[in-house]
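# Summary of structural features
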Amino acid sequence: MTFHIITIFPNIFDSYINESILKRAQEAGVVTIVMHDLRKYATDKHKTTDDTPTGGGPGMVMKPEPIFNCLKAIREKENPDFKIQKKSKNIFFSESSPILLMTPRGKQFTQKDAQTFASKKLNSVILICGRYEGIDQRVHDYMIDSEFSIGPYVLSGGELPAVVITEAITRLLPGALGNPDSLIEESFSKKLALAGAERSAGEYPQYTKPSSFSPTKELELTTPEVLLSGNHEKIKKWRNQHSQ
Ligand code: SAM
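This text gives an overview of the structure that appears in the document. (Residues numbered from 1 in each chain as written. Predicted model: local features only at pLDDT ≥ 70, side-chain atom pairs only at ≥ 80, totals over all residues. Heavy atoms only, no water.)

## A short note on the site of the ligand
- Around the ligand lies a shell of 18 residues, among which M102, G130, E133, Y153 and L155 are the nearest.
- I150 has a polar backbone atom sitting 3.1 Å from a nitrogen atom of the ligand.
- In this structure, an oxygen atom belonging to the ligand sits 3.4 Å away from a main-chain N or O atom of G157.
- Relative to its free-state accessible area of 580 Å², the ligand is covered by the protein chains to the extent of 82%.
- Where the shell around the ligand is concerned, the elements lending two or more residues are β5 (99-108) and β8 (146-149).
- When residues of the shell around the ligand are assigned to their parent elements, the largest contribution, three residues, is made by β5.
- Its residues assigned to classes, the shell around the ligand comprises nine nonpolar, seven polar and two charged. (Near = heavy atom within 4 Å. Polar contact = N/O pair within 3.5 Å; in protein donor to acceptor, adjacent residues only side chain to side chain. Areas by Shrake-Rupley, 256 points an atom, 1.4 Å probe, with all protein chains shown as cover. Helix = DSSP H or I, 4+ residues; strand = E, 2+ residues; numbered from the N terminus. Nonpolar A, V, L, I, M, F, W, Y, C, P; charged D, E, K, R; others polar.)

Structural data, given as structure tokens:
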């Protein structure tokens, strides 16, 4: 799956996407992450991507043409015969390549959304990162499939949301994680929720070695005895009792 991230700050992602799981997933050929510098698609010599709000008001608004040009370039690279979809609500609609706009007003992105995107065998996902006061409404109305928020707060740009969504989807793709069993035991894991019997590892308190740790002479921080007992039934019961 290819993630196309459209932004005016393409270098903001460098260190994050080239470490850990996203790095491994790219090296393993599970995903490709392509940054698109929106300024390259601006139509004037100053490479302007924003302008004042029509009708007045504070701040600046992202212009529609650079976003249009960038989306068109992505579609034409995917398919040289691509034609604007005059009959679709999204003129860039493609079944196998949804266009997601990052916005605080959007639907809150959940693990279920990540699972849906990961299971669809998509060719690509396109994420548009806003900046300034927002984005010209014509982008919302004609050039995207969905608007997603990563939470009920306002960030300065859509770059962090885009990378959050990219990572949440990537780690669910076959071959992305070193140990795929990690997914089964995770918070919001559908498998465990459906099984109903056992809690997921994200829900109960977890401990590792040493079982006793003394930061000062007077203080001993211990692991619950039951977890050291080797009795799986008792451990399961304790975890269920202590789940959040
Ligand atoms: N004026 C806008 C408002 O009040 O909703 C806020 C714009 S914000 C400063 C600039 C950009 O950051 C947005 O266009 C969006 O792309 C991104 N953004 C900010 N918070 C976000 C969130 N919680 N989830 C997704 N995107 C967000």
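## Focus: the packing of aromatic side chains
- One pass over the full model with this rule turns up five aromatic pairs.
- A ring pair is formed by F109 and F148, whose centres lie 5.3 Å apart and whose planes are at 85°; its orientation type is edge-to-face. Residue F109 is found in the loop between β5 and α4 (111-119), and its partner F148 is found in strand β8; the two are separated by 39 residues along the sequence.
- Taking the relative accessible area as the measure of exposure, F148 reaches 4% and is therefore buried.
- In this structure an aromatic cluster arises from ring pairing among F68, F82 and F92. (Phe/Tyr/Trp six-rings, centres within 6.5 Å; stacked < 30°, edge-to-face > 60°. Buried < 20%, exposed > 50% of the residue type's maximum accessible area, 1.4 Å probe, protein only.)

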